[in-house]
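Reading the structure
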Amino acid sequence: MTNKKAEKNVVLKNQMELWLFCAIIGAAAGALVWLLLKIMSVGTEFLWNWIPEKISLPYYTIFVCTVGAAITGVFRKLLGDYPEELETVMDKVRKEKRYEYKNMLVMMIAALLPLLIGSSIGPEAGLTGIIVGLCYWAGDNLKFAGQNTKNYSQIGAAVSMSVLFHAPLFGIFEVEENTDEDLTSLTKGSKLFIYGIALAAGTGIYAGLSSLFGAGLSGFPSFDMVELEKKDYLFMILYILCGLILAYFYLGTHELLKSISQKVPPIIKEILAGLCLGITGTFLPVLLFSGEEQMGNLMETYTSYLPLALIGIAFFKVLLTNLCIQFGLKGGHFFPVIFAGVSMGYGVAMLACGADGGHVVFGAAIVTAALLGGIMKKPLAVTMLLFLCFPVKMFIWIFIAAAAGSKLTVFNPEQVNSAV
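These figures come from a predicted structure and were not determined experimentally. (Residues numbered from 1 in each chain as written. Predicted model: local features only at pLDDT ≥ 70, side-chain atom pairs only at ≥ 80, totals over all residues. Heavy atoms only, no water.)

What follows covers the overall build of the protein. If you tally the helices and strands in the protein, you get 18 helices and zero strands. By residue count, 56% of the 420 residues in the protein fall in the buried class. Within the protein, counting contacts between residues at least 6 apart in sequence, those at least 24 apart form 81% of the total. (Helix = DSSP H or I, 4+ residues; strand = E, 2+ residues; numbered from the N terminus. Buried < 20%, exposed > 50% of the residue type's maximum accessible area, 1.4 Å probe, protein only. Contact = heavy atoms within 4.5 Å.)

Right, here's the structure in full:
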């Protein structure tokens, strides 16, 4: 009896330590998301609003983007090729069973530099590397954390994505969907429970800090409820096809620019990317930055654009995002791709049904879902990501479009390399 009671106490102690540490991971993830977004918000306000109000400089956008890109190039040349994309981070965790954490400060600075100069990227790439690095630091330095380091890293990445996008279930499906391995030491129910603990802690810390000190990004704006008509469903195939075309364009330019960038020396390629970014941003400011705030403006002003102009903006946004990522102004692609999908959806829906709000919202939802599905190959994650943006009644149609997009044949890099 005494031995059984002792064993139960050990099991309970281990379980409590696991829950506690998952809560700590979630809290740390929420705090880091808030910190990065707050620094980015303050830095962007200073660089893009305060200085131009005080000093009038011709071609200011080109100057900031080019000089900032050169600084980014030098920083990467001296201190390492950071930040790494989410897929790269998680692949290292799966294959190498480890992620290096000695350069976390470098990783944070490297993540911030391209964001501050208006690069067409999102902040998620740098965040996941930092969170996963912290988990492996804990595994190496805290005895009770060593056995579950990989599990902690997956939980940390999921929480950071969920908090960043204000979509609680998105991070879980982004990390878990289509993977060959589950959290091996946890049952299905236990896994969801532990994710819930970490998400609650992360969301709570992020909300508390935002309430006390103000938030950075406010999250994607939500579309109002709309009434759908029969013709909307008839045009759904058209919207899915347009999303697939944009997804194929994304995958093709991703590989093409990656192949080209390998032939350009470091620092030079960052300067070229900054120059292109500055020139583009001078004539089309809507293409600068991640697209989160720009999407809110687009929702209010889309009727002032020609439909073909909105479609063109979508293609330019995708191209600029891949140019930034492949030429050294690295970051995530979720924010700008969602903006591109919404812009494309608006344009196509306006051509098909006119500028009525209900029709264009449905078009934006389906095009964006098919686009993300084609890129991510994770229809459940796409649905969870878009669930908080678009009306609930579109839930099933968004999933269908994302599932259709996920069937898009993956672009063959060898075809691009041989062409170049």
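Within the fold, Lys269 resides in helix α11 (residues 268-283). Contact partners of Lys269, with chain neighbours within four places excluded, come to Arg76, Ser261, Val264, Gln326 and Phe327.

Our focus in this paragraph is the side chain of Thr66. Following the sequence through the fold, Thr66 ends up in helix α2 (residues 60-79). Overall, Thr66 belongs to the buried group, its relative accessible area being 18%. A polar side-chain atom of Thr66 sits 2.7 Å from the main-chain carbonyl oxygen of Ile62. Discounting chain neighbours no more than four positions away, the residues touching Thr66 are Ile271, Gly274 and Leu275. (Polar contact = N/O pair within 3.5 Å; in protein donor to acceptor, adjacent residues only side chain to side chain.)

On to the environment of Gly357, then. Along the polypeptide, Gly357 turns up in helix α15 (residues 357-376). Judged by relative accessible area, Gly357 falls into the partly exposed class, the value being 30%. Expressed as a C-alpha distance, the spacing of Gly357 and Glu227, which sit 130 residues apart in the sequence, is 9.4 Å. Not counting residues up to four positions away in its chain, the partners in contact with Gly357 are Val226 and Tyr302.

Tallied over the full model, the rule gives three salt bridges. In this structure, the salt-bridge partner of Asp81 is Lys330, at a minimum N-O distance of 3.2 Å. With Asp81 in the loop between α2 and α3 (86-96) and Lys330 in the loop between α13 (307-326) and α14 (334-353), this residue pair connects regions lying 249 residues apart in the sequence. Classification of Asp81 by relative accessible area gives partly exposed; the value is 43%. (Salt bridge = Lys/Arg side-chain N within 4 Å of Asp/Glu carboxyl O.)

Following the criterion strictly, the structure yields 11 aromatic pairs and no others. Judged by centre distance (6.1 Å) and plane angle (85 degrees), the rings of Trp48 and Tyr60 are edge-to-face. Here Trp48, found in helix α1 (residues 2-54), pairs with Tyr60, found in helix α2; they are 12 residues apart in sequence, far enough to count as distant. For the pair formed by Trp48 and Tyr60, the shared burial category is buried. Ring centres 5.1 Å apart and planes at 50 degrees place the aromatic pair Tyr233 and Trp397 in the tilted group. On the criterion of sequence distance, the pair formed by Tyr233 in helix α9 (residues 230-234) and Trp397 in helix α17 (residues 395-406) is long-range, its members being 164 residues apart. (Phe/Tyr/Trp six-rings, centres within 6.5 Å; stacked < 30°, edge-to-face > 60°.)

Detailed reading of the predicted coordinates is not advisable wherever pLDDT falls low. Confidence in the prediction for the protein averages 81 pLDDT; 83% of positions are at 70 or higher. Per-residue pLDDT stays below 50 along residues 180-187; that stretch engages in 16 contacts with residues further than four places along the chain or on separate chains. Note that pLDDT drops below 50 for residues 411-420; the model gives that stretch 14 contacts with residues more than four away or on any other chain. (pLDDT = per-residue confidence, 0-100.)

Before going further, it helps to spend a moment on a nonpolar patch on the surface. A surface patch of nonpolar side chains, amounting to about 550 Å² of accessible area, comprises Leu275, Ile279, Phe283, Leu284, Phe316 and Leu319. Looking at the nonpolar patch, the elements with two or more residues in it are α11 and α13. For the nonpolar patch, the element with the highest residue contribution is α11, accounting for three residues. With respect to the helices and strands, the residue Phe283 is situated in helix α11. (Patch = residues over 30% accessible without salt bridge, like charges linked within 9 Å, V, L, I, M, F, W, Y side chains within 5 Å. Areas by Shrake-Rupley, 256 points an atom, 1.4 Å probe, with all protein chains shown as cover.)

This part takes up helix α4 (residues 104-116). Between the first and last C-alpha of α4 there are 19 Å, a value that for 13 residues agrees with the 18 Å anticipated at 1.5 Å per step. Along α4, 10 of the 13 residues are buried, which leaves the element largely enclosed by surrounding structure. Residue Gly118 follows α4 closely and has a positive phi angle near 90 degrees. (Expected span 1.5 Å × (residues − 1).)

Attention shifts here to unusual backbone geometry. Following Tyr82, the chain continues into Pro83 via a peptide bond in cis, with omega recorded as -5 degrees. For Pro83, the position within the fold is in the loop between α2 and α3. Its identity is not glycine, yet Tyr59 carries a phi of approximately 55 degrees, on the positive side. In the Ramachandran plot, Ile267 falls in the positive-phi region, its phi being about 75 degrees despite a non-glycine side chain. Within the fold, Ile267 resides in the loop between α10 (236-261) and α11.

Where helix α12 (residues 292-301) meets α14, the axes come as close as 9 Å, and the angle between the chain directions of the two elements is 15 degrees. Taken together, α12 and α14 sit at an angle that is classed as roughly parallel. Two packed elements cross with a definite hand, and for α12 against α14 that hand is left-handed. Contacts between α12 and α14 pair Glu292, Gln294, Met295, Leu298 and Met299 from the former with Phe335, Ile338, Phe339, Val342, Ser343 and Tyr346 from the latter. Taken together, the residues of the contact of α12 with α14 sort by class into eight nonpolar, two polar and one charged. (Axes fitted to C-alpha atoms, helices over the stretch in contact; angles between N-to-C directions. Parallel < 35°, antiparallel > 145°, perpendicular 65-115°, else oblique. Left-handed = near helix turned anticlockwise from the far one by under 90°. Nonpolar A, V, L, I, M, F, W, Y, C, P; charged D, E, K, R; others polar.)

Right, let's get into the environment of Lys317. Inspection of the secondary structure puts Lys317 in helix α13. In the structure, Lys317 is positioned 26 residues away from Gly291 in sequence and 9.0 Å away in space, judged by C-alpha atoms. The residues touching Lys317, leaving out its near neighbours within four places in the chain, are Ser120, Val286, Leu287, Leu288, Phe289, Ser290, Gly291, Pro336, Phe339 and Ala340.

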